[in-house]
Amino acid sequence: MVSLFQLLFLQQRRSLCTSASPKRWRVKQVNNSNFPESLQEIKAHIAHSDFVAVSMEKTGSPAPPSWHRLLPFDTVETAYLKASLSAHRFQLLQFAVCPFSISDSNALVAHPYNFLLFPRDELRMGMPSYSFSCQPSSLASMACQGFDFNACINDGISYLSRVQESVAKIRCGTAFPSFCVMKSSSISTVADTVFVERIKSRIKHWRKTCKSSGTSGNKDEELINSLRNIVRGSEQLRSRPCLTIDVCSERQVQLIVEMLAEISDDLLPLIIPAKSGSTQAIRVVLANSKEDKDFLERELQNAEEEETKKIRGFREVIDLISASQKPVISHNSLNDCTLIHSKFIAPLPPEVDEFVSSMCTVFPKVLDVNYLIRVIGTKRKVANIPSAISYLNNHFFAPVDVKIPDQGTTNEGKSHGINALRLCYLFMKLCSILKVSPYVNESGSKHLAAELEDYANVFHPCAAADIQESPVNEDISIWAKNTRKVSIDNVVFLWGFKFGTTAGMLKSLLHASHDIFLGEFDVKLVDKSCAIVVFWQPSLSKQFLDVMNSKEVDGALKELVSDGMRVTCYQTYKTICRLGLWGMDLAESLESGLGSSHSDMKVDSGSKSSEIHWYNDNIINFDNL
């Protein structure tokens, strides 16, 4: 017999699942045609939001081969190198952004947008991308979801990264007002004085000629003065005479700018950049008056801002999120942030520490819902956002009221970019389960709750096992029971065994081959060609490597070596990731990396010891990663 309470609970759960259905959610679709007005809308929504959720759709994922994907035994360094590989290879086609806030009634108020992107070379400079890779499976999946590739190519929004923008401005040679020129504090030398006096005499003579020609009524004299101006190199900018002065150093730029301010208040200096990034010349514009000079300065500044917006393209949205300093919600922060950094900020740095430092200047707080799911301790490994929502709806009572103001319908009834909206819902549900308030209101301003500060900027997918004091009740903290910490010094990679050998068969062979394997050890297949062996007793891994590399191999182990079995330490695996030896089979790459692993070990000899997380499964389930 079902009680009244159970009926009410089931009814409320059904209503929650219905309200969370993507069919009732709307996402505004933004392309090149409606980008300018949408940019103003999202600017206001970001400014008034508490968090910003982001989700991306790209032309492929790091698989196959399977070992290119992020694996449970990857360290932070190797995980970053794999994420970097994916960021370099594939291209963004959709970028969903959802600013959301939490109302006084604890309702989720979201404003979802989905931006259609395409790296169009609008400046004819080979930027933002010369080429990119595509995976048929990823494109087929997008096509099944109704993605319009024609609209993407023809009407997708282009962009340039911050570094590419600087390069583009230099290549274009666009002159801009000298706001950024700092006043010199150094003492002038004799050479400085001679240079300033020579340029001052030239400018004064040019200015006097321009003024006299402007007041002359004789047409023949005006024609002669015009010819003189051409000979002297005098030009015109927006119907105002100007003179270009070549410079050899930034010191000369400072001297000319300071000197122009002393001569007259109707002279406007413009900086002309060189291809090297330095200053090529200064263009001096003669205005009709100080008021006309100020007007021209504002006009040029506005024109520069408009041109910059065109160059930046979609990166304007990234800059808005960055400037707001709002916490960013992601599903896979390492992959998402490497992609964002490489496409919109700068090329990825070689070291993970440099990347994290750079990324924190862009997004100070990044919260990964995949990490929060691991914190609550789930037996099931959720592979994507919809399955995560389904799991939480079926196992936890955490109601979330979602409110989405009308922002227009999606194209042809499709909900492209809906994952960003799902992330908002998932984040609120996880906060409710963890009994954590998303933010703290202090003195009229909102701050990220202290409990969530501990979960911010975690760029490793298996880091949840590092939590010693979980905020969740112990009876549901079961994730850690499936993992054990192990030092990479106790891990050995092994390959060259017969095709079709299982982890259990390989463990039995090793157990009977040598006394080293009498202690506790585990074996797990990485792919069909390679396995990893973990020794739970320190120093046994080194003994095993020494035996395999010596001439004293005998017995059953000698037979395995004769059949082609090879071994190496974890350092070789790090080496092949760093050198980019991404072969189809891990065994093939490890074989190639053995030659360079010795020198690479010397470079890393001073680095701190790393730990990985060992899962009890005999084989890695790539579908769950």
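Shown above is the structure to which this text applies.
Remember, it's a predicted structure, so these values are computed and weren't measured experimentally.

Draft legend 1. A look at the side chain of R315. The residue R315 is located in helix α11 (residues 315–324) in this model. At 3.3 Å, the side chain of R315 and the backbone oxygen of S161 are in polar contact. Among residues more than four places away in sequence, those in contact with R315 are Y159, L160, S161, R162, E165 and F344.

Draft legend 2. Region of interest: the packing of helix α3 (residues 76–89) against helix α21 (residues 570–579). The contact between α3 and α21 brings their axes to 9 Å, and the two run at 25 degrees. By the angle between their directions, the pair α3 and α21 is classed as roughly parallel. Judged by the sense of rotation from one axis to the other, the crossing of α3 with α21 is left-handed. In this structure, α3 uses T78, L81 and K82 to contact α21, whose residues at the interface are Y570, Y573, K574, C577 and R578. Residues belonging to the contact of α3 with α21 are distributed by class as follows: four nonpolar, one polar and three charged.

Draft legend 3. Quick peek at helix α19 (residues 540–549). Along α19, the residues that are buried comprise L540, S541, F544, L545, V547 and M548. The arc that holds the buried residues of α19, viewed along the axis, is 160 degrees, so those residues lie on one side. Those residues of α19 that are exposed and aimed more than 90 degrees away from the buried face are K542 and N549. Considering only its buried residues, α19 is in contact with β17 (491–495), β19 (530–535), α20 (555–562) and β20 (566–569).

Draft legend 4. Representation of the pattern of salt bridges within the structure. If you walk through the whole model with that rule in mind, you get 16 salt bridges. With a shortest N-O distance of 2.8 Å, R251 and D192 are connected by a salt bridge. Placement of the pair is R251 in helix α9 (residues 250–263) and D192 in helix α7 (residues 190–215), with a sequence separation of 59 residues. Through salt bridges with shared partners, a single network forms among R162, E165, R312, R315, E316 and D319.

Draft legend 5. Structural detail: the sheet that holds β17. Strand order in this open sheet of four strands is β18-β19-β17-β20, and the pairing throughout is antiparallel. Each edge of the sheet is formed by a strand with only one pairing partner; in this case those strands are β18 (521–525) and β20. Neighbour-to-neighbour, the strand axes of this sheet turn through a mean angle of 25 degrees, independent of strand direction. As paired elements, β18 and β19 share five bridges and run antiparallel to each other. From the neighbouring strand, D522 faces β19, where its bridge partner is V534. Each of β17, β18 and β19 is contacted by helix α18 (residues 503–511), which is oriented at about 140 degrees to β18, the strand it contacts most. Across the sheet, α21 touches β17 and β20, and the angle it forms with β20 is around 80 degrees.

Draft legend 6. Region of interest: the pairing of strand β8 (residues 240–246). When you tally the buried positions in β8, you get six out of seven residues, the bulk of the element. For β8 and strand β10 (residues 279–286), the ladder comprises five bridges, and the chain directions are antiparallel. The residue of β10 that forms the bridge with T244 is R283.

Draft legend 7. Examining helix α16 (residues 418–433) more closely. In this model, α16 (16 residues) spans 23 Å end to end at C-alpha, consistent with the 22 Å of a helix rising 1.5 Å per residue. By the criterion of burial, α16 is predominantly enclosed, with 14 of the 16 residues buried. K435 sits one or two positions beyond α16 and adopts a positive phi of about 55 degrees.

Criteria and cut-off values
Residues numbered from 1 in each chain as written. Predicted model: local features only at pLDDT ≥ 70, side-chain atom pairs only at ≥ 80, totals over all residues. Heavy atoms only, no water. Helix = DSSP H or I, 4+ residues; strand = E, 2+ residues; numbered from the N terminus. Polar contact = N/O pair within 3.5 Å; in protein donor to acceptor, adjacent residues only side chain to side chain. Contact = heavy atoms within 4.5 Å. Axes fitted to C-alpha atoms, helices over the stretch in contact; angles between N-to-C directions. Parallel < 35°, antiparallel > 145°, perpendicular 65-115°, else oblique. Left-handed = near helix turned anticlockwise from the far one by under 90°. Nonpolar A, V, L, I, M, F, W, Y, C, P; charged D, E, K, R; others polar. Buried < 20%, exposed > 50% of the residue type's maximum accessible area, 1.4 Å probe, protein only. Arc of directions from axis to C-beta. Salt bridge = Lys/Arg side-chain N within 4 Å of Asp/Glu carboxyl O. Pairing = 2+ DSSP bridges. Expected span 1.5 Å × (residues − 1).

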